[in-house]
Amino acid sequence: MALLAFTGNRFLADETLRDTLLARGLDPRALPRLGGEDVSPEALRPHLSPGLFGDGGVIVDFEGVKPDKALLELLAGAAVTVALLDEAPPATRLKLYEKQGEVVPSPAPSKPGDVTGWVVQRAKKAKLPLEREAAAYLAEVFGPDLAGIAGELNKLALLDGPLNRPAVQRVVGREPPGDSFAMLGAATAGRPGEAVTQLRRLLASGEDPFKLMGAVVWQYSLVARCVALLQQEGRVTEAAAAQRLGVKPYPAKKALDVARRLNEGKIRGHLARILDADLHMKRGLDPGAVLERLIVQLSV
């Protein structure tokens, strides 16, 4: 009858699948749902023919499954609605879906700003008085975990009054994860308290201190090269910096932001402090304490 392939973010694809089936007069809760080892021709055949009351349907979850051509052809030829959950099908499978049925993509927001926008829109749809700063907080602490955010919004629906950032933080009870670029940006802007807070959040979230030191070395190498570019060329765009440094636009932008606050003398001093801290860590001194001292030194 119909082959519907739902692709993209799993949480969004599952929601879209349910909404689409309901719009077509099918109750997804009443349909058989097969996944894992149950996705086989033998298990599927009994569900691929219409019942006494016309069109039926089946939901097939391809997570962890590698369907062969015979199975795909069996589903494409079904006499009922077949709803497939397939997050990232290869091109050959996607082509078959497009030829034999319909593909319903559910791309997920990934950048913090995009996730914040998604939270705002979802809250509006649910008629929640969620302020944008509170939406940004949820995007910070959950990142691309849309299912986690949706769960928190369900809890927040039980509260009265405006949902500002402090109110939402009290309910969610999570600290935003540390950001190594934000840490270095605060340090070079002379805000040691903020920089150390970012460092402590990173360490508390389980970041390896030696990997953090590696990140500091890498990021400051980009910053040093950006300082040199700015001295040579005056003004440098993010796109030009990314091309010259051989990195993606985001780290290039962050490195440029830091570099604009520095000059050759300051960056040389910072690099010397980073080298000393790296040697102290490798000689057995407490890595967390060494990193914290370094971040304070970078802030002055």
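Just so you know, these numbers come straight off a predicted model, no measurement behind them. (Residues numbered from 1 in each chain as written. Predicted model: local features only at pLDDT ≥ 70, side-chain atom pairs only at ≥ 80, totals over all residues. Heavy atoms only, no water.)

Chemist: Just to check I follow, could you spell out the overall build of the protein chain for this structure?
Modeler: Looking only at helices and strands, the protein chain has 15 helices and 5 strands in total. Compactness check: the protein chain gives a C-alpha radius of gyration of 26 Å against a globular reference of 19 Å for 300 residues, more than 25% above the reference. When its C-alpha atoms are laid out on the principal axes, the protein chain stretches across 80 × 50 × 40 Å. Residues classed as buried in the protein chain amount to 43% of the 300 residues present. The long-range fraction of contacts in the protein chain, counting pairs at least 24 apart against all pairs at least 6 apart in sequence, stands at 69%. A total of about 16300 Å² of accessible surface is found on the protein chain, and carbon and sulfur atoms cover 53% of it. Charged side chains in the protein chain number 39 positive and 36 negative. The centres of these two groups are separated by 6 Å. (Helix = DSSP H or I, 4+ residues; strand = E, 2+ residues; numbered from the N terminus. Rg over C-alpha atoms; globule rule 2.2 N^0.38 Å. Buried < 20%, exposed > 50% of the residue type's maximum accessible area, 1.4 Å probe, protein only. Contact = heavy atoms within 4.5 Å. Areas by Shrake-Rupley, 256 points an atom, 1.4 Å probe, with all protein chains shown as cover. Lys, Arg positive; Asp, Glu negative; His and termini not counted. Charge placed at Lys NZ, Arg CZ, Asp CG, Glu CD.)

Chemist: Help me understand the packing of helix α9 (residues 180-188) against helix α11 (residues 209-233), please; the structure alone is not making it clear to me.
Modeler: A packed helix pair is summarised by two numbers, namely the angle formed by the two axes and the spacing between the axes. For the pair α9 and α11, the least separation of the axes is 11 Å and the interaxial angle reads 60°. On the basis of their axis angle, the class for α9 and α11 is oblique. In this structure, the crossing between α9 and α11 has a hand that is right-handed. Along the contact surface, α9 presents S180, F181, M183, L184 and T188, while α11 presents V216, W218, Q219 and Y220. Looking at side-chain class alone, the contact of α9 with α11 contains 6 nonpolar, 3 polar and no charged residues. (Axes fitted to C-alpha atoms, helices over the stretch in contact; angles between N-to-C directions. Parallel < 35°, antiparallel > 145°, perpendicular 65-115°, else oblique. Left-handed = near helix turned anticlockwise from the far one by under 90°. Nonpolar A, V, L, I, M, F, W, Y, C, P; charged D, E, K, R; others polar.)

Chemist: Help me understand the pairing of strand β4 (residues 81-85) in this model?
Modeler: Within a regular strand, side chains alternate between the sheet's two faces. Counting buried residues in β4 gives 5 out of 5 residues, a clear majority hidden from the surface. The side-chain alternation of β4 yields two buried faces, one formed by T81, A83 and L85 and the other by V82 and L84. Relative to β4, strand β1 (residues 2-8) is paired through 5 bridges, and the arrangement is parallel. Residue pairing for β4: L3 is matched across the bridge by V82. (Pairing = 2+ DSSP bridges.)

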